[in-house]
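So you can see what is in the structure, the chains are spelled out below.
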Amino acid sequence: MWKRINHQPKIKAVDGPQAGQFKELGAAQEPAMPHPLELSEFQSFSVFEDISHRIKEVGAQLVKKVNAIFQLDITKNGKTILQWTIDLKNGSGDMYPGSSRIPADTVFTIPEPVFMELVLGKMNPQKAFLAGKFKVRGKVLLGQKLERVFKHWAKF
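For every chain, the first residue of its written sequence is number 1, and the numbers climb from 1 along that sequence. Residues qualify for local features only when their pLDDT is at least 70, as the model is predicted, and side-chain atom pairs are given and counted only at 80 or more; totals for whole chains, interfaces and linings, by contrast, use all residues. Side-chain metrics rest on all non-hydrogen atoms present in the structure, leaving aside hydrogens and water.

Going by the annotation in an unreviewed UniProt entry, the name recorded for the protein chain is SCP2 sterol binding domain containing 1, with Ailuropoda melanoleuca given as the source organism.

Okay, here's the thing in structure tokens:
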């Protein structure tokens, strides 16, 4: 049988906090953070905005063709500076900044200069991947479908 060791009295509902039991805290201070980088100074940001507008126009067609969710982590000096998700699996398609709300099928980690060369068609994605210029997690072969999205965008 269990034996009660701690014999503290039970607290009654009418009992309130006793004097000195709680410490008055000051206003919360915002953490000291470095100034966030201006998104407009990244070349890839404007590309993502353009692709996002294009997906809103023809997303339903792309969902039928692609049927996948991609997360793109754009890096600079080894640190992620931008993160975008292209959802071409649900509804009429969507593209939004940040990590994927549901698990992405494929996650790309790409340095910004390499990303710009890929979307502008100056670099072959397969050769770049095999040369180790960017990393892919998840379903690697879906990257070919993402290439179609970029080519579709580049036409306009």
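Now, onward.
A separate point is the overall build of the protein chain. Labels follow the DSSP assignment, with helices taken as runs of H or I lasting at least four residues and strands as runs of E lasting at least two, numbered in each case from the N terminus. Across its full length, the protein chain carries 4 helices and 5 strands. Written out in order from the N terminus, the α and β elements of the protein chain read α-β-β-β-β-α-α-β-α. Each residue's exposure class comes from its accessible area (1.4 Å probe, protein chains only) as a fraction of the maximum for that residue type: buried when under 20%, exposed when over 50%, partly exposed otherwise. Buried positions account for 36% of the 156 residues belonging to the protein chain. Partitioning the contacts of the protein chain with sequence separation of at least 6, the portion at a separation of at least 24 is 62%. Methods summary: accessible areas were calculated by the Shrake-Rupley approach with a probe of 1.4 Å, and residue burial reflects only the protein chains presented. A total accessible area of about 11,600 Å² is found for the protein chain, and carbon and sulfur atoms account for 55% of it. Only heavy atoms enter the contact rule, under which two residues are in contact if any of them lie within 4.5 Å.

This paragraph deals with helix α1 (residues 43-66). Helix length check: α1, at 24 residues, gives a terminal C-alpha distance of 25 Å against a target of 34 Å (1.5 Å per residue), a shortfall beyond 12%. Most pronounced at V58, the bend in α1 amounts to some 80°. Immediately downstream of α1, the backbone of N67 shows phi near 55°, a positive value. In this scheme, a helix's expected span is set at 1.5 Å multiplied by one less than its residue total. The term bend refers to the angle at a residue between two fitted axes, each drawn through seven residues, those ending there and those starting there.

We now examine the nonpolar core. Residue types Ala, Val, Leu, Ile, Met, Phe, Trp, Tyr and Cys, when buried and joined through side-chain atoms within 4.5 Å, form a set referred to as a nonpolar core. With 33 residues, the main nonpolar core has L72, I110 and F115 as its most contacted residues. The set of elements that each furnish at least two residues to this core consists of α1, β1 (68-76), β2 (79-88), β4 (106-111), α2 (112-119) and α4 (143-154). At 8 residues, α1 tops the list of elements feeding residues into this core. Beyond its immediate sequence surroundings of up to four residues, I110 is in contact with L72, D73, I74, T75, F115, L118 and F134.

A few words now on the packing of α1 against α2. How two helices pack is summed up by the angle between their axes together with the distance between the axes. Where α1 contacts α2, the two axes come as close as 9 Å, and the packing angle between them is 40°. Looking at the two axes, α1 sits oblique to α2. Note that α1 runs across α2; the crossing there is left-handed. Contacts between α1 and α2 involve Q43, S44, V47 and F48 on the former and, on the latter, E112, F115, M116 and V119. For the contact of α1 with α2, the residue count by class is 5 nonpolar, 2 polar and 1 charged. Where helices are involved, their axes are fitted lines through C-alpha atoms of the stretch in contact, as for all axes, and angles between N-to-C directions lie from 0 to 180°. Should an angle lie under 35 degrees it is considered roughly parallel, over 145 roughly antiparallel, and from 65 to 115 roughly perpendicular; all remaining angles are considered oblique. Each crossing gets its hand from how the near helix is turned against the far one by less than a right angle, where anticlockwise is left-handed and clockwise is right-handed. Here the term charged refers only to Asp, Glu, Lys and Arg, the term nonpolar to Ala, Val, Leu, Ile, Met, Phe, Trp, Tyr, Cys and Pro, and the term polar to all other amino acids, Gly among them.

Let's shift gears to the pairing of β2. In the sheet, β1 pairs with β2 via 9 bridges, with the strands oriented antiparallel. Paired with L72 across the strands is W84, a residue of β2. Strands qualify as paired when DSSP identifies two bridges or more between them. Of the strand pairs in this sheet, β2 and strand β3 (residues 94-97) are connected by 4 bridges, and their pairing is antiparallel. Along β3, the bridge assignment pairs I86 with M95. Linking β2 to β3, which pair antiparallel, is a turn of 5 residues; within it G91 sits at a positive phi near 60°.

Two rings from Phe, Tyr or Trp (for Trp, the six-membered ring) form a pair when their centres sit within 6.5 Å of each other. Planes less than 30 degrees apart are called stacked, planes more than 60 degrees apart edge-to-face, and all others tilted. Following the criterion strictly, the structure yields 6 aromatic pairs and no others. Taking 6.3 Å as the distance between ring centres and 50° as the angle between the ring planes, the aromatic pair formed by F108 and F134 counts as tilted. Of the two residues, F108 sits in strand β4 while F134 sits in the loop between α3 (125-130) and β5 (135-138), which places them 26 residues apart along the sequence. Accessibility classification places F108 together with F134 in one group, the buried group. With a centroid separation of 5.8 Å and an interplanar angle of 45°, the aromatic rings of F129 and F134 are classed as tilted. When its relative accessible area of 30% is taken as the criterion, F129 is described as partly exposed. Among the aromatic residues, ring-to-ring pairing joins F45, F48, W84 and F115 into one connected group.

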